[in-house]
Amino acid sequence: MGSIWICVSLLALASALHPVVLIPGDLGSQIEIKLHRKSVGHWYCSKSSDWYTLWLTIEDFVGPALNCWADNFDLVYDASGEPHDIDDVDTRVKDFGGLEGVSYVDSHHIIPYYVHLIKALHALPGAKEGVTVRGAPYDFRYAPHTKKFDEYFERLKQLVEETYEANNETVVLVAHSMGGPVTSTFLNIVTDTWKEKYLKGFVSLAGAYAGATKSIQALTTGNSEQIPGFIVNRGVLRKNGRTIQSTYWLLPDRAYWNSSEVLVETPERSYTAADYDKLFRDMAYPEGVKVYDTVRDRDYMREDPGVETLCVHGYDRPTAVKYSWSKMSDFPDERPSATNGAGDGTVPLRSLEVVYFGR
């Protein structure tokens, strides 16, 4: 938590005279859905609705409602590997350009996200609500290099231009976690001329540039942290999580975890970052190979993004770097034991330190 407040202080100094666009991390954007389904998987699930919050409304995770939520949150893949929503639903991020979709994780404002940072920025001299700080939520189920992100990057580009014009100042991009590699991808798409005109710099908060080991737990066991099973059905979360493309994109990157470093261990064999195909097959989910193929060779970072960059992250929190099952009968359904290493509590240190920006 200390590093977040350090970042607020640094950001206040870095952006005192510059507007800010906030780019969230994985799970950090609120997503809305509209149903017009011909059929549903459970009799008690709605077939039609007006727009409502799909991610996150906490009561959707309790009891049978979780089944309805998961059915609507799944991604499916066409023959070319392009992901999209299930048939007969429409989804959108909440309040793109505004702050409602990135201030809190949930619709009831119980789980804070960027809200404290927003308040700190609005307290700066000259800041104007709705003008100085803007939000750029995205559908975190997808990975870059998809049609969904092509649309997002075009909207982000337009938002930066609008924010620049409204403030007559270059813009600071602030990104958290998955938002770091998302922003890095964006900065390698736009031209140097565009960046020079519209951007002051990039602030990366805990950027997961080489992935995070917790993605492995999400795909094997289902990552519901310490929530008791009688409250949240981890099996339902796992089934849904295995359709989410970004979970595969955020697996520890083979370029930064060598072939001798064990990430998953069972009594019968060990798996490294070079063994994801084998892992998916051995956990009886060969479909995971096809989803992983859609992100297998996607770089988290390519070249210098071409803007001034400030990187802030934690480093002394126990962070899972390996998962182990002591009995084959428990793999992959039961919770594994975790071996911890250095990191910020979620992202391993080597992923946080991948950043090699030249400017």
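Described below are features of the structure shown in this document. (Residues numbered from 1 in each chain as written. Predicted model: local features only at pLDDT ≥ 70, side-chain atom pairs only at ≥ 80, totals over all residues. Heavy atoms only, no water.)

## Considerations on the pattern of salt bridges
- One pass over the structure, following the stated rule, counts 13 salt bridges.
- The partner of Asp297 in a salt bridge is Arg254, and the shortest N-O contact between them spans 3.2 Å. Residue Asp297 is located in the loop between helix H12 (287–293) and strand S12 (308–312), and its partner Arg254 is located in the loop between helix H10 (245–249) and strand S10 (264–265); the two are separated by 43 residues in the primary sequence.
- Owing to a relative accessible area of 36%, Arg254 belongs among the partly exposed residues under this scheme.
- Residues joined in a network through salt bridges with shared partners are Asp85, Asp139 and Arg141. (Salt bridge = Lys/Arg side-chain N within 4 Å of Asp/Glu carboxyl O. Helix = DSSP H or I, 4+ residues; strand = E, 2+ residues; numbered from the N terminus. Buried < 20%, exposed > 50% of the residue type's maximum accessible area, 1.4 Å probe, protein only.)

## Quick notes on unusual backbone geometry
- Each neighbour pair has its own omega, and for Trp55 with Leu56 the value is 0 degrees, a cis peptide bond.
- Structurally, Leu56 can be placed in the loop between strand S3 (52–55) and helix H2 (65–73).
- Here the bond from Phe331 into Pro332 is cis, since omega is 0 degrees, no more than 30 degrees from zero.
- Tracing the chain through its elements places Pro332 in the loop between strand S14 (319–324) and strand S15 (337–341).
- Positive phi, close to 70 degrees, is recorded for Asp88, a residue that is not glycine.
- Along the chain, Asp88 turns up in the loop between strand S5 (83–85) and strand S6 (89–93).
- Even without being glycine, His145 reaches a positive phi, approximately 70 degrees.
- Mapped onto the elements of the fold, His145 is located in the loop between strand S7 (133–135) and helix H5 (147–167).
- On the basis of relative accessibility, which here comes to 35%, the residue His145 falls in the partly exposed class.

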